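# Breakdown of the fold
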Amino acid sequence: MTDLLTLIQEFHRDKLAMTLRHEAGARLVGQYDINNTYQYIINREEMQLSWLSAAIADLGGSVADVVDTPGIVAAKGVDGAHPIIEGDAREAQAFVDKWRPRVEAMTNARHRGMLRVILGETLEHKRFFEQALAGRTDLLGKREKQLGPAFGEVLPTRWIE
């Protein structure tokens, strides 16, 4: 049981680091459709982290809330966002490559199934990043014709009145 707990805790740390990187990237990638996609990905990752936290607690463990995250260089415009998005696509694949063999070797079917879902969603996020790099703006679906594409930028910060 401790091997299972250790594995899920390590998986959680890696997923948390990835989520924090995506949060940092979302602050720098301003293109409206791509930023909305980052928000969607972050939302899914927060749900995944909650699943992992619950599994860790069920196994009698605790969750590490502090992880090392790679720095992200500030982006300027669409060209500056390219390396961020490219890095996120590359890291998604590296995450799956690292974890898939370990997940498939797990004997606990319940937790193996949960981790498989997270790996599948990570590959879906990679596909979003690749589509963004290809210039696609319909990442989360097509807009109605009367609305047209959104080519604007999101605000770099939010404010509270």
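Keep in mind that what you see is a predicted model, and the values were worked out from it rather than measured.

## Focus: helix α4 (residues 109-133)
- When the terminal C-alpha atoms of α4 are compared, their 36 Å separation across 25 residues agrees well with the 36 Å that a helix rising 1.5 Å per residue should span.
- Of the residues trailing α4, Gly135 is marked for its positive phi of about 90 degrees.

## Describing the packing of helix α2 (residues 32-58) against α4
- Axis separation between α2 and α4 bottoms out at 11 Å; the angle between their running directions is 165 degrees. Viewed along their axes, α2 and α4 adopt a mutual orientation that is roughly antiparallel. Regarding α2 and α4, the two cross each other, and that crossing is left-handed. Together, Ile34, Thr37, Tyr38, Tyr40, Ile41, Arg44, Glu45, Gln48, Trp51, Leu52, Ala55 and Asp58 of α2 and Arg110, His111, Met114, Leu115, Val117, Ile118, Glu121, His125, Phe128, Phe129 and Ala132 of α4 make up the contact between the two elements.

## Some words on the packing of aromatic side chains
- For the coordinates displayed, the defined rule picks out four aromatic pairs.
- Seen in terms of ring centroids, Phe11 and Phe95 are 5.1 Å apart; in terms of plane orientation they differ by 65 degrees. Their pairing is edge-to-face. Placement of the pair is Phe11 in helix α1 (residues 2-28) and Phe95 in helix α3 (residues 77-104), with a sequence separation of 84 residues.
- Taking relative accessible area as the criterion, Phe11 reaches 0% and is therefore assigned buried.
- When its relative accessible area of 6% is taken as the criterion, Phe95 is described as buried.
- On the basis of an interplanar angle of 90 degrees and a centroid distance of 5.9 Å, the ring pair of Tyr40 and Phe128 is categorised as edge-to-face. Within this pair, whereas Tyr40 is found in helix α2, its partner Phe128 is found in helix α4, the two being separated by 88 residues in sequence.
- Judged by its relative accessible area of 38%, Tyr40 falls in the partly exposed class.

## Observations concerning the confidence of the model for the chain
- Across the chain, the average pLDDT comes to 86, with 81% of residues at or above 70.
- Looking at the elements of the chain, mean pLDDT is at its lowest for α3, recorded as 92, and at its highest for α4, recorded as 97.

## Some thoughts on the side chain of His125
- Relative to the elements of secondary structure, His125 occurs in helix α4.
- Overall, the relative accessible area of 3% leaves His125 in the buried class.
- Contact partners of His125, with chain neighbours within four places excluded, come to Ile41, Arg44, Glu45 and Gln48.

## Description of the nonpolar core
- If you look at the biggest cluster of nonpolar residues, it comprises 23 residues, and the most contacted ones within it are Ile8, Phe11, Leu52, Trp99, Val103, Leu115 and Leu119.
- Every element with two or more residues in this core is listed here: α1, α2, α3 and α4.
- For this core, the leading source of residues is α1, giving eight residues.
- In this structure Phe11 touches Leu52, Phe95, Trp99, Val103, Leu115, Ile118 and Leu119, once residues within four positions along its chain are discounted.
- Counting 14 residues, the second-largest nonpolar core is a separate cluster that includes Ile34, Ala89, Phe128 and Leu139.

## Digging into the packing of α1 against α2
- Packing of α1 against α2 brings their axes to within 9 Å, and their N-to-C directions diverge by 160 degrees. With respect to α2, the element α1 is oriented roughly antiparallel. Note that α1 runs across α2; the crossing there is left-handed.
- Tallied by class, residues from the contact of α1 with α2 come to 13 nonpolar, nine polar and four charged.

Rules used in this analysis
Residues numbered from 1 in each chain as written. Predicted model: local features only at pLDDT ≥ 70, side-chain atom pairs only at ≥ 80, totals over all residues. Heavy atoms only, no water. Helix = DSSP H or I, 4+ residues; strand = E, 2+ residues; numbered from the N terminus. Expected span 1.5 Å × (residues − 1). Axes fitted to C-alpha atoms, helices over the stretch in contact; angles between N-to-C directions. Parallel < 35°, antiparallel > 145°, perpendicular 65-115°, else oblique. Left-handed = near helix turned anticlockwise from the far one by under 90°. Contact = heavy atoms within 4.5 Å. Phe/Tyr/Trp six-rings, centres within 6.5 Å; stacked < 30°, edge-to-face > 60°. Buried < 20%, exposed > 50% of the residue type's maximum accessible area, 1.4 Å probe, protein only. pLDDT = per-residue confidence, 0-100. Core = buried A, V, L, I, M, F, W, Y, C linked by side-chain atoms within 4.5 Å. Nonpolar A, V, L, I, M, F, W, Y, C, P; charged D, E, K, R; others polar.

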